[in-house]
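Chain residues, written in single-letter form:
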Amino acid sequence: MGDHIIPRFILRGFAINPESKKDNQTINILFNGNVKNEKIAAAFSIDQFYSRELENSLNKDFENKVAIIFQDIKKSINQNEFQISLNDYKLLIRFFVSMWRRNDIHVKDIKLLFEKTINMTRFMLKEEYKNKSIDELYNSKLAREMFYDKIIKETKDDDFIVKRTFENYIPNVFVNNTNIHFPLQNSYGTLIYSKSNDGSNVDYENPEIIIEPISNYIYFILFKNKANKDDMININIESCNDEKTIKQLIKMYINPNTTSFVIDDTNEKFIKELLEERKINL
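Everything numeric in this text was worked out from a predicted model, so none of it was measured.

1. Quick look at the pattern of salt bridges
Logical step 1: The final tally for this structure, using the stated rule, is 6 salt bridges.
Logical step 2: We note a salt bridge from Glu-243 to Lys-247, for which the minimum N-O separation is 3.5 Å. Pair noted here: Glu-243 and Lys-247 are both in helix α10 (residues 243-253), with a separation of 4 residues, about one helical turn.
Logical step 3: Classification of Glu-243 by relative accessible area gives partly exposed; the value is 36%.

Set out below in structure tokens:
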């Protein structure tokens, strides 16, 4: 079985048969204009995408603990707020940052850096790598070992992005009570930037809003705003019954770099229309 780019505990929140046993749960994936039903056990996975050490670390340090937090949030959606410890909140931030870094879309962003490094250090490579092209090396486990594994392992509390996100954003939980479900994209989260008059990003380093999916009816949303963080943090829970508002949030969530979506019968037509409007061919 391959390595999951999106953890199974998240994919289960988008299952079209959530009452089935975990091994039998499936999702619908929109890709290249077609919808494919796939078992969660095999969905969004790539063979040998992680080192075994990193896979074990992700399970132990992130996924098992975050899955419990997500379950606690789901149990609290009928309340006005959810209380979380400072340590658990920091864990969530590290998880969101690692999710942004761990998928195959963002790994591609390091190719130029990888090429530059290889050109400087090719003489130090093992014999099996020395005569391979940049593309061959980039698609091998060498790139993962040199960059991908290293970047994920260094996503700790003192990581610059983790610290900035923790200090400069206020968390909220947004609950969708309408008949159109939230989708999930293979880049997982979305960063939304304020725009200048010419349409360019005003502050690329500090997005205005960060959307992180929990399930097909819950999004975790971070708003840019400084606030003191106590030992226990109260996270506001906002419920919405207005389909127009939900559709607007879905529009905000869709990332133009996305290559596939997890959808269902409630949102398939809307998302296809939106992608056609934006001329995104998925």
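2. Considering unusual backbone geometry
Logical step 1: At Asn-32, a residue that is not glycine, the phi angle is positive and equals roughly 55°.
Logical step 2: Phi at Tyr-188 is positive, roughly 65°, even though this residue is not glycine.
Logical step 3: Of note, Tyr-188 is situated in the loop between β7 (184-185) and β8 (190-192).
Logical step 4: Residue classification places Tyr-188 among the buried positions, given a relative accessible area of 1%.

3. Here's the deal with the sheet that holds strand β11 (residues 232-240)
Logical step 1: An order of β5-β11-β6-β10-β9-β8 is seen for the 6 strands of this open sheet, with the pairing classed as mixed. Both edges of this open sheet fall to β5 (81-85) and β8, since each of them pairs with a single strand only. Strand-to-strand twist in this sheet, taken as the mean axis angle between neighbours without regard to direction, amounts to 30°.
Logical step 2: Pairing analysis gives 5 bridges linking β5 to β11, with the strands arranged antiparallel. Its bridge partner lying in β11, Ser-85 is registered against Met-232.
Logical step 3: Helix α9 (residues 160-168) rests against β6 (169-176), β9 (209-215) and β10 (218-224) of the sheet, and its axis sits at about 75° to β6.
Logical step 4: Against the sheet, α10 contacts β6, β8, β9, β10 and β11, and its axis sits at roughly 110° relative to β9.

4. Describing the side chain of Asn-255
Logical step 1: Looking at the element boundaries, Asn-255 is found in the loop between α10 and β12 (261-263).
Logical step 2: Apart from the residues within four sequence positions on either side, Asn-255 is in contact with Trp-100, Gln-185, Ser-187, Gly-189 and Thr-190.

5. Things to note about the packing of aromatic side chains
Logical step 1: Under the definition given, this model contains 9 aromatic pairs.
Logical step 2: Between Phe-9 and Phe-95, the ring centres sit 6.0 Å apart and the planes meet at 40°, which makes this aromatic pair tilted. Of this pair, Phe-9 sits in helix α1 (residues 8-11) while Phe-95 sits in helix α3 (residues 86-102), and the two are 86 residues apart along the sequence. An identical accessibility class is assigned to Phe-9 and Phe-95; each is buried.
Logical step 3: An angle of 85° between the planes, with centres 6.3 Å apart, marks the rings of Phe-70 and Phe-95 as edge-to-face. One end of the pair, Phe-70, is in helix α2 (residues 52-75); the other, Phe-95, is in helix α3, with 25 residues separating them in the sequence. Here Phe-70 and Phe-95 have matching classes, each one buried.
Logical step 4: One Lys or Arg, Lys-229, reaches over the ring of Phe-166 and ends 5.2 Å from the middle of that ring.

6. Notes on the nonpolar core
Logical step 1: Ile-10, Leu-11, Ile-27, Phe-70, Phe-95, Leu-184 and Phe-220 are the most contacted members of the largest nonpolar core, which totals 69 residues.
Logical step 2: Broken down by element, this core gets its largest block of residues, 9 residues, from α3.
Logical step 3: Beyond its immediate chain neighbours, meaning those up to four positions away, Leu-11 contacts His-4, Ile-6, Ile-27, Ile-40, Ala-43, Phe-44, Leu-184 and Val-262.
Logical step 4: Formed by 8 residues, the second largest nonpolar core is a distinct cluster that contains Phe-114, Leu-125, Tyr-138 and Leu-142.

7. Examining the environment of Pro-171
Logical step 1: Within the secondary structure layout, Pro-171 lies in strand β6.
Logical step 2: Residue Pro-171 is classed as buried on the basis of its relative accessible area, which comes to 5%.
Logical step 3: As a C-alpha pair, Pro-171 and Asn-234 span 63 residues in sequence and 8.7 Å in three-dimensional space.

8. Digging into the environment of Ile-170
Logical step 1: Structurally, the position occupied by Ile-170 is in strand β6.
Logical step 2: Residues Ile-170 and Ile-235, 65 residues apart in the sequence, show an inter-C-alpha distance of 8.2 Å.
Logical step 3: Ile-170 has contacts with Ile-221, Leu-222, Phe-223, Asn-225, Lys-226 and Ala-227, leaving out every residue within four places of it along the chain.

Calculation criteria
Residues numbered from 1 in each chain as written. Predicted model: local features only at pLDDT ≥ 70, side-chain atom pairs only at ≥ 80, totals over all residues. Heavy atoms only, no water. Salt bridge = Lys/Arg side-chain N within 4 Å of Asp/Glu carboxyl O. Helix = DSSP H or I, 4+ residues; strand = E, 2+ residues; numbered from the N terminus. Buried < 20%, exposed > 50% of the residue type's maximum accessible area, 1.4 Å probe, protein only. Pairing = 2+ DSSP bridges. Axes fitted to C-alpha atoms, helices over the stretch in contact; angles between N-to-C directions. Contact = heavy atoms within 4.5 Å. Phe/Tyr/Trp six-rings, centres within 6.5 Å; stacked < 30°, edge-to-face > 60°. Lys NZ or Arg CZ within 6 Å of the ring centre and 35° of its normal. Core = buried A, V, L, I, M, F, W, Y, C linked by side-chain atoms within 4.5 Å.

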